[in-house]
Amino acid sequence: MPLLEVQQLSIAFQQYTKGSRQQMVTVMEELDLAINEGEIVAVVGASGSGKSLLAHAIMGILPANAYISGSIRYNGEQLDEAKLKSLRGSEIALVPQSVSYLNPLIRVGKQLQTNKDSIEQHSERKGLFERFRLGEHVARLFPFQLSGGMARKVLVSTAALSRTRLIIADEPTPGMHPDDVAEALKQFKQLAAEGCAVLLITHDIEAAIRIADKVAVCYAGSIIEIAPASDFSGAGNELRHPYSQALWRALPQNGFIPISGTQPSMGLGLQGCLFADRCNRAVDACKVSRQESRQIRSGIVRCMHAT
Amino acid sequence: MLQRLAVFTGKKIIRLFLLLATVSIITFALVAMSPIDPVQSYIGADVMRVGTEQRAEIAAYWGLDKPFAERFIKWAGAMLQGDMGTSMIYRESVTKIIAERFIHSALLMAFAWSLSGVIGFAAGVVAALKRGSWIDRAITSYCYTLASTPAFWVGLLLMMVFAVWLGWLPIGLGVPAGMLAGTVTAADYIKHMILPGVTLSVVGIAPIALHTRQKLIEVMDSDYILFARARGESGASLFFRHALRNIALPAITLQFASFGELFGGAVLAEQVFSYPGLGQATVEAGLRGDVPLLMGLVLCSTLFVFTGNALADFFYQMVDPRLRLQKEAQR
Amino acid sequence: MNRTSTLYHDRRHRRWNERSRTFISAILALILLASIGIGSWLLGSSGLSVQLENRNLAPSFLHLFGTDWLGRDMLSRTVKGLWLSIRVGLLGAACSVIIAAAMGLMAATLGQTADRIISWLIDVFLSVPHLVMLILIAFVCGGGLKGIAIGIMLTHWPSLARIIRAEALQLMSTDYVLVARKLGSSRFTIAMRHLAPHLLPQLLVGLLVLFPHAVLHEAAITFLGLGMSPHQPAIGIILSESMRYLSTGMWWLAVFPGLGLLLTVRAFDKLGNHLRQLVDPRHTHL
């Protein structure tokens, strides 16, 4: 049984259209994802594909005008508000994107302690600072005084407590020095080795495949393919979905072939496969109906052409 | 830290001096342009008994026959020596009148200021934390209503209810009428201060409460509260540990920056309750054309507002770590 | 939709959204304004005449707001007083907005020195309490309607001017203005053709925000006795007169005129707030 299981998750926002009329705009549709203990699943995709929303939806911290449907199960149980309340910060931890997620007016050390901490966690946090090679003085700094790399380590350290079972890391590596990236990835790898499930949300495919077991490719608010990380190799022929292949081949070391066109916005109420406009294998059937997820070669894909 | 404080104070004093100079020039020019004859307002009801010659003498005594620039320089020179002239209606030195009345007003304003600050802040916090609930709606509609209520009308209503109908508190004045100065007790002073003070603070609650509510809602929607929630913080601990200090600073700043409205409110409240403070003196001076007193009061209220703004600035620059430490780092 | 994010307040059940609320409050404010104006015109001056046989009547069907110590109908006096206050307030606020726009545009287009002088002027005007300034100006003008109107005009512009200046300066650094300057457009052309149209919404909101303040200050200054002659039925004068009769238990003299003023100010304050929220991009989709 997976530790976290997301089924048919849809997220919609309420927005003004014209005058005083309001409309629901769907930004994520029927997303399925599962993650086991000790496993690292990376969610990759271009910005605007809805990756961060997935993290916020699991944590139950979406903004006020968002409505979600579908089911999120944790440890086999429905993850409802009451359950989340007890799990947030203890068993489920979020590693946020940037230093703006720290309160600018509170010193770092003081800020990291929560009311769910006992003496044990208190000393554990101190140990973590050493483990991440953060000096003792860092705890006395204000967030704006942290350098980019320091800030990242501080943020990762919030999740690295031993009680954590599921880590959701939202873009943990951008703007980092390559050594720091390697260091951060090593930390996640080690956390997974200790039995944590790690959901790594990133647009950096290289970083993702270096540590992830499975990679989920997100496009325009839905996951179009979930593949073992090993499939991302060579010319990408092991990949199932045309978009995954295109994404892989767009990387500098794999040919640097750009994908023409732009990602559609989810609000448009498009019919059929969302990638159809940009896909060179698209046929008429692609533009009529949305593809259901299919299991192919130990992966999942939403494409009729996949083999 | 001390050095920075000295620099801060020095800058502020220079600014204050420039400000007071500008205000004096503008005020003096305005008064000089006025069609009102200061001699006439000095003579007042004795108009029948004063002849043309005496008028000229009075004008000469006040220096009114001299050109504008000369009068201003003379006035400013005396002003720099702490002599603001003699009040025409009270026939006493302006400095003395202002000093006496300032004590009354300062007590009144300090009482109202702290009361409205504490209640307003608490109300704003409750409203923001219970956003959308009936209590939030009650607090915000109270605030919006009070923001559009004339302060003097609130004073009238309070006077009607508590002084006239219930008879709990005196109708007006600073001390009981007809009592010797020596026999007035502290309790008498306080009793006479309650109604004008409450009037002032009832009106003063609205801005601080609405501002605090707005700020706290912003803070509660911020990334760092999101992250604190994601780490399992909730309820009172979330507020006290992660949000309180982010809203306390703007609230204190706002409260200090509101000295202008406070003074304006005091003018009205003092007028309603015939409370012998600066505000009432301002109205008297304006009504009866007492130019020296009015000038003195304009400068005094400017100084008062400036002090509030300087304190607000001080809190903002000295307490907020982002500004404080960044400046130190630049050095 | 079986699970919503309950960490946040659920706004789905609000019947009116921000835009329709703005529309409704605009209609209500206009109806109020029209009924005061028309009422003041219809009531004529009959209600204001002294009728000693009707002195000191408590509110009744004949005299909804009661009568005063001279037998004058309080409803007529209140409506007339409100209409006077509204007109003075509107005049003062409109002039303030014009001054603010002129100052803001001048600060942004006439170069550094002008900007410094105007910013300093704004600071100076903001550092004297409004009411003290009003008393001074009313005194200098020798009282009367003129004094109040000029006073309100001169005291309310600085805060708006500061906003306009900041926005105009921001517009000055946009590409199309930079191009226009390179092409040799005069400062006046830039201010009028390129800046002013963008500032129009701000000015409209400014007018609606300043107007309630102006009305309140008008009432305050007449209440203090520095405004109009006692024969003019201004709200401030009515209230200051009522003060003398409070101890006789004639509550209606103070309650109704004040309530009328409160409602008027509140209606426009609400309208101004709604509009300001709509103009503010942070609130666009609530």
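Residues numbered from 1 in each chain as written. Chains lettered and ligands numbered in written order. Predicted model: local features only at pLDDT ≥ 70, side-chain atom pairs only at ≥ 80, totals over all residues.

Draft legend 1. How the structure looks around the overall build of chain B. Across its full length, chain B holds 14 helices and 0 strands. Order of helices (α) and strands (β) in chain B, N terminus to C terminus: α-α-α-α-α-α-α-α-α-α-α-α-α-α. Looking at chain B as a whole, 40% of its 331 residues are labelled buried. Nonlocal contacts in chain B, meaning residues at least 24 apart in sequence, comprise 72% of its contacts between residues at least 6 apart. (Helix = DSSP H or I, 4+ residues; strand = E, 2+ residues; numbered from the N terminus. Buried ≥ 20, exposed ≤ 12 C-beta atoms within 10 Å, placed from the backbone. Contact = placed C-beta atoms within 7 Å.)

Draft legend 2. Layout of the overall build of chain A. Helix and strand counts for chain A stand at 9 helices and 12 strands. Here chain A has a C-alpha radius of gyration of 20 Å; the compact-globule value for 307 residues is 19 Å, and the two agree. When the backbone C-alpha atoms are referred to their principal axes, chain A occupies close to 60 × 50 × 40 Å. A total of 307 residues make up chain A; the buried ones form 45% of that total. Taking all contacts inside chain A whose residues are at least 6 apart in sequence as the whole, residues at least 24 apart take part in 64%. (Rg over C-alpha atoms; globule rule 2.2 N^0.38 Å.)

Draft legend 3. Here's a closer look at the packing of helix α5 (residues 94-129) of chain B against helix α6 (residues 134-147) of chain B. All names here are of chain B. As a packed pair, α5 and α6 sit with axes 8 Å apart at the nearest point and diverge in direction by 140°. On the basis of their axis angle, the class for α5 and α6 is oblique. Along this stretch, α5 crosses α6, giving a crossing that reads as left-handed. Residues Ala123, Val126 and Ala127 of α5 form the contact with α6, whose participating residues are Ile135, Asp136, Ile139 and Thr140. Of the residues in the contact of α5 with α6, the class split is 5 nonpolar, 1 polar and 1 charged. (Axes fitted to C-alpha atoms, helices over the stretch in contact; angles between N-to-C directions. Parallel < 35°, antiparallel > 145°, perpendicular 65-115°, else oblique. Left-handed = near helix turned anticlockwise from the far one by under 90°. Nonpolar A, V, L, I, M, F, W, Y, C, P; charged D, E, K, R; others polar.)

Draft legend 4. The arrangement of the interface of chain C and chain B in detail. Taken together, the 35 residues of chain C in the interface contact 44 residues of chain B. Contributions of two or more residues to the side of chain C that touches chain B are made by α4 (130-140), α7 (187-223), α8 (235-245) and α9 (252-279) of chain C. Here the side of chain C that touches chain B takes 8 residues from α4(C), the largest share from any one element. Partitioning the side of chain C that touches chain B into residue classes produces 26 nonpolar, 7 polar and 2 charged.

Draft legend 5. Representation of the pairing of strand β4 (residues 66-74) of chain A within the structure. Residue and element names in this part refer to chain A. The pairing of β4 with strand β5 (residues 77-78) spans 2 bridges and is classified as antiparallel. When the bridges of β5 are listed, tyrosine 74 appears paired with glutamate 77. Where β4 folds back on β5, the antiparallel hairpin that results is connected by 2 residues, among which asparagine 75 adopts a positive phi of roughly 60°. (Pairing = 2+ DSSP bridges.)

Draft legend 6. Molecular detail of the sheet that holds strand β12 (residues 299-301) of chain A. All names here are of chain A. Across the sheet, which stays open at both edges, the 8 strands sit in the order β6-β7-β8-β3-β9-β10-β12-β11 with mixed pairing between neighbours. The open sheet has two edge strands, β6 (92-95) and β11 (294-296), and neither has a second partner. Looking at each pair of strands side by side, their axes are set apart by 20° on average, direction ignored. Relative to strand β9 (residues 214-219), strand β3 (residues 40-44) is paired through 4 bridges, and the arrangement is parallel. Paired with valine 44 across the bridge in β9 is valine 217. Running at roughly 145° to strand β7 (residues 166-170), helix α1 (residues 51-59) makes contact with β3, β6, β7, β8 (197-202) and β9 of the sheet. Running at roughly 155° to β8, helix α6 (residues 178-193) makes contact with β3, β7 and β8 of the sheet.

Draft legend 7. Representation of the confidence of the model for chain A in the model. For chain A, per-residue confidence averages 81 on the pLDDT scale, and 96% of positions sit at 70 or higher. The least confident element of chain A is helix α4 (residues 119-131) of chain A, whose mean pLDDT is 79; the most confident is β3(A), at 90. (pLDDT = per-residue confidence, 0-100.)

Draft legend 8. Focus on the nonpolar core. A:Ile167 and A:Val198 are the most contacted members of the largest nonpolar core, which has 258 residues in total. The leading source of residues in this core is α7(C), at 17 residues. Split by domain, this core shows at least three residues from each of two domains, domain 1 (11-80) and domain 2 (104-330) of chain B. In this structure, A:Val198 is in contact with A:Ile40, A:Ile167, A:Ala169, A:Phe188, A:Leu191 and A:Ala192, ignoring residues within four places of it in sequence. (Core = buried A, V, L, I, M, F, W, Y, C linked by C-beta atoms within 7 Å. Domains from an automatic or database assignment.)

Draft legend 9. Layout of the pairing of β9(A). Residues and elements named next belong to chain A. Of all 6 residues making up β9, 6 are buried, and the element is well covered by its neighbours. Across 6 bridges, β9 lies against strand β10 (residues 222-228) in antiparallel orientation. Of the residues in β10, the one forming a bridge with tyrosine 219 is serine 222. Taking the residues that link successive antiparallel strands as the turn, the β9-β10 hairpin has 2 residues, and the phi of alanine 220 there is positive, at about 50°.

Draft legend 10. Broad picture of α4(C). Most of α4(C) sits inside the fold, with 11 of its 11 residues counted as buried. All of the buried residues in α4(C) are C:His130, C:Leu131, C:Val132, C:Met133, C:Leu134, C:Ile135, C:Leu136, C:Ile137, C:Ala138, C:Phe139 and C:Val140. As for α4(C), its buried residues are in contact with α1 (2-33), α11 (259-272), α12 (278-288) and α13 (291-319) of chain B together with α5 (144-172) and α7 of chain C.

Draft legend 11. Seen up close, the domain arrangement of chain B. Residues and elements named next belong to chain B. Domain assignment breaks chain B into domain 1 (11-80) and domain 2 (104-330). If one sorts the elements of the side of domain 1 that touches domain 2 by residue count, α1 sits on top with 8 residues. Residue classes in the side of domain 1 that touches domain 2 are distributed as 7 nonpolar, 3 polar and 1 charged.

Draft legend 12. Broad picture of the confidence of the model for chain B. Across chain B, the average pLDDT comes to 80, with 83% of residues at or above 70. In the predicted assembly, ipTM is 0.82 and pTM is 0.79.

Draft legend 13. Examining the environment of B:Gln271 more closely. Along the chain, the position of B:Gln271 falls in helix α11. Filtering out sequence-adjacent residues up to four positions away, B:Gln271 remains in contact with B:Phe152, B:Gly279, B:Gln280, B:Val283 and C:Leu224.

Draft legend 14. Broad picture of helix α7 (residues 151-165) of chain B. The terminal C-alpha atoms of α7(B) lie 20 Å apart, and with 15 residues this matches the ideal 21 Å at 1.5 Å per residue to within 8%. Taken together, the buried positions of α7(B) are B:Ala151, B:Phe152, B:Trp153, B:Val154, B:Gly155, B:Leu156, B:Leu158, B:Met159 and B:Met160. (Expected span 1.5 Å × (residues − 1).)

Draft legend 15. Highlighting unusual backbone geometry. Phi at A:Gln8 takes a positive value of approximately 50°, unusual for a residue other than glycine. Note on A:Gln8: 11 C-beta atoms within 10 Å, which makes it exposed. Unusually for a residue other than glycine, B:Ser274 sits at a positive phi of about 45°.

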